[in-house]
Amino acid sequence: MEFGKVIDKIIDKRDKFNVVALHDYFIDHFIYMETDINNLIGEIVETATRGGGNIFKNVQSIMRGGCAANFSAAIAKLGGKVKLITCANNVGLEILKRDAMGVDLSHVKIVEDQAITAIIESKYMGRQVNIMISYPGILSKFNPKMLNEKDWEAILNSNFTCMFTWNVNRYGNELIESVARKVKENGRGKVYIDLGDPRHRIEDLKELMGRIIRGDLIDAISLNENELNVIGKIILNDEKYHESPEKFISEISRKVNFRLDVHTPEYSATSKNGETIIAPCFKVNVKRTTGAGDAWNAGNIMGWGAELEDYERLIIANAVAAIYISKERPEHPNIHELKEFIEKAKIQ
């Protein structure tokens, strides 16, 4: 693959399409622990036994979080045009202005009930892991009635409408169906969804899949390996384990009328009508895991908007995520960093 030409194509096309993202934005409070999870649990128990106290072996930061917000920031950093529809209080809005440069924030709704997540980044069995303790606040009630005329205008005039974090929203089925149906009736845009971890809402997920499939409402769904397994069991009505990821993904995609876009630490894949393409991930020193999927989604949409071939699109998405998780600070790459990285990095 001639990576330089692929990046040049993104640069040439990125002004020709626009993206709308909704609905989640959290203030993220990161706690980076030096120790692994088992040692941390021991220290917490020991501290509690003493009646409470401090644990000092950590570094902390506060920044923009939430899948839609992170995705939007990554798109903007790559030079894409993106509008974020979400809710924030005044403090949250200021953090967004600081940490989401280039994102159109004119559709942010000012509220008092700011969503917040505390995130512990640590290690478990040699792998970097994140434990998120979230308060979704008003995001758990986000519904189509909260979208005003300007929001709908932005959605219906976008090339890509991307909806995230269904799993925290009790109105998630209603929101996805309402937005997707209007987009499809309008006849212009593509609909892309990333549900988040659906394991505690299996019955709601079954209902959503039925609505999506019957209504031919979405174009692609983004899944990590855990989400893929859950969706697979619902779509295939099958509890057995499949040794081949490619076969499993292909079997699911034959049963649905939308594309599967899958991202894992080892590979990514895209599948439509049973035809699956897999791309290996880049070898990097992982500094964090939170936000990796959001970065991957941003690269995926940029590649889709630039009309890249499927394998090229996956490689670009993998690279955007790899750069993000390997940086000393949680910063998304710009297009020049992406080009430099992808020309030098090794593929697993």
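Please refer to the structure placed before this passage.
Now for a look at the structure at hand. (Residues numbered from 1 in each chain as written. Predicted model: local features only at pLDDT ≥ 70, side-chain atom pairs only at ≥ 80, totals over all residues. Heavy atoms only, no water.)

1. Quick look at the pattern of salt bridges
What counts here: Within this document, salt bridges are pairs made up of a side-chain nitrogen of Lys or Arg and a carboxyl oxygen of Asp or Glu, the two lying within 4 Å of each other. Strands are runs of DSSP state E lasting at least two residues, helices are runs of H or I lasting at least four, and both sets are numbered from the N terminus onward. The buried label applies to any residue whose accessible area, calculated with a 1.4 Å probe on protein chains only, is under 20% of its type's maximum; exposed applies above 50%, and partly exposed to all values in between.
Enumeration according to the criterion identifies 22 salt bridges in this entry. Between lysine 13 and glutamate 307 there is a salt bridge, with its nearest N and O atoms 3.4 Å apart. Of this pair, lysine 13 sits in helix α1 (residues 3–13) while glutamate 307 sits in the loop between α10 (292–305) and α11 (310–326), placing them 294 residues apart in sequence. You can call lysine 13 partly exposed: its relative accessible area is 22%. When the shortest N-O distance is used, the salt bridge between arginine 50 and glutamate 46 registers 3.7 Å. Each member of the salt-bridge network shares a partner with another, and the members are Glu177, Arg181, Glu207 and Arg211.

2. What to know about the side chain of histidine 263
Heads up, the condition is: Within 3.5 Å is the distance limit for a polar contact, defined as a pair of N or O atoms, with the added protein rule that one can donate a hydrogen and the other accept it, and that residues adjacent in sequence qualify only through two side-chain atoms. Two residues qualify as a contact provided that any one of their heavy atoms is within 4.5 Å of a heavy atom in the partner residue.
Among the secondary structure elements, histidine 263 is positioned in strand β11 (residues 259–263). Among the polar contacts made by the side chain of histidine 263, one reaches the side chain of serine 222 at a distance of 3.3 Å. Setting aside residues up to four positions removed in sequence, histidine 263 forms contacts with Asp194, Ser222, Leu223, Asn224, Glu225, Ser268, Gly293 and Trp296.

3. Description of empty space enclosed by the protein
Condition: Site definitions follow a grid-based scheme: protein atoms alone, a 1 Å grid, a 1.4 Å probe that fits but cannot get out for cavities, and for pockets an open set with protein on both sides within 12 Å along at least five of seven lines, plus lining residues having an atom within 4 Å of a point. Grid points are joined across faces, edges and corners, and a volume is the space filled by probe spheres set on the points. Each residue gets one label: Ala, Val, Leu, Ile, Met, Phe, Trp, Tyr, Cys and Pro are nonpolar, Asp, Glu, Lys and Arg are charged, and the others, such as Gly, are polar.
Throughout the structure, instances matching the rule amount to two cavities of 30 Å³ or more. Quantified by volume, the largest cavity comes out at close to 60 Å³. Lining of the largest cavity is provided by Leu22, His23, Met163, Phe164, Trp166, Asn169, Gly172, Leu175 and Ile176. Those elements giving two or more residues to the lining of the largest cavity turn out to be β8 (160–164) and α6 (172–186). Broken down by element, the lining of the largest cavity gets its largest block of residues, three residues, from α6. Tallied by class, the residues present in the lining of the largest cavity amount to six nonpolar, three polar and no charged. Taken as a whole, the second largest cavity encloses approximately 30 Å³ of empty space. Together, Asp28, Phe30, Met63, Arg64, Gly65, Asn70, Thr290, Gly291 and Tyr324 line the second largest cavity. Elements represented by at least two residues in the lining of the second largest cavity include exactly β2 (26–36) and β3 (58–65). With three residues, β3 is the largest single contributor of residues to the lining of the second largest cavity.

4. Comments concerning unusual backbone geometry
Omega for the bond connecting leucine 22 with histidine 23 falls within 30 degrees of zero, at 15°, which places this linkage in the cis form. Checked against the element boundaries, histidine 23 lands in the loop between β1 (18–22) and β2. The phi angle at methionine 125 is positive, at roughly 55°, despite the residue not being glycine.

5. Some words on the nonpolar core
Put simply, the rule reads: By convention a nonpolar core is built from buried Ala, Val, Leu, Ile, Met, Phe, Trp, Tyr and Cys residues, the set being connected through side-chain atoms within 4.5 Å.
Counting 57 residues, the largest nonpolar core has Phe71, Ile301, Ile316 and Leu338 as its most contacted members. Element by element, the count of residues in this core is highest for α11, at eleven residues. Residues within four places of leucine 338 in sequence aside, it is in contact with Ile7, Leu78, Ile316, Ala319, Val320, Ile323 and Pro333. Membership of the second largest hydrophobic core comes to 44 residues, among which are Phe142, Ala180, Met209 and Leu223.

6. Details of the sheet that holds β2
Going by this rule: Criterion used throughout: strands pair if DSSP finds at least two bridges between them. Here an angle of 0 to 180 degrees is reported between the N-to-C directions of two axes, which are lines fitted to C-alpha atoms, with helices fitted over the stretch in contact.
What the four strands build is an open sheet, ordered β3-β2-β6-β7; its pairing is mixed. A strand with exactly one partner marks an edge of an open sheet, and here the two such strands are β3 and β7 (127–135). With strand direction ignored, the average angle separating the axes of adjacent strands in the sheet is 20°. Relative to β7, strand β6 (residues 116–124) runs antiparallel, the two being bridged by nine bridges. What sits directly across from serine 122, in β7, is valine 129.

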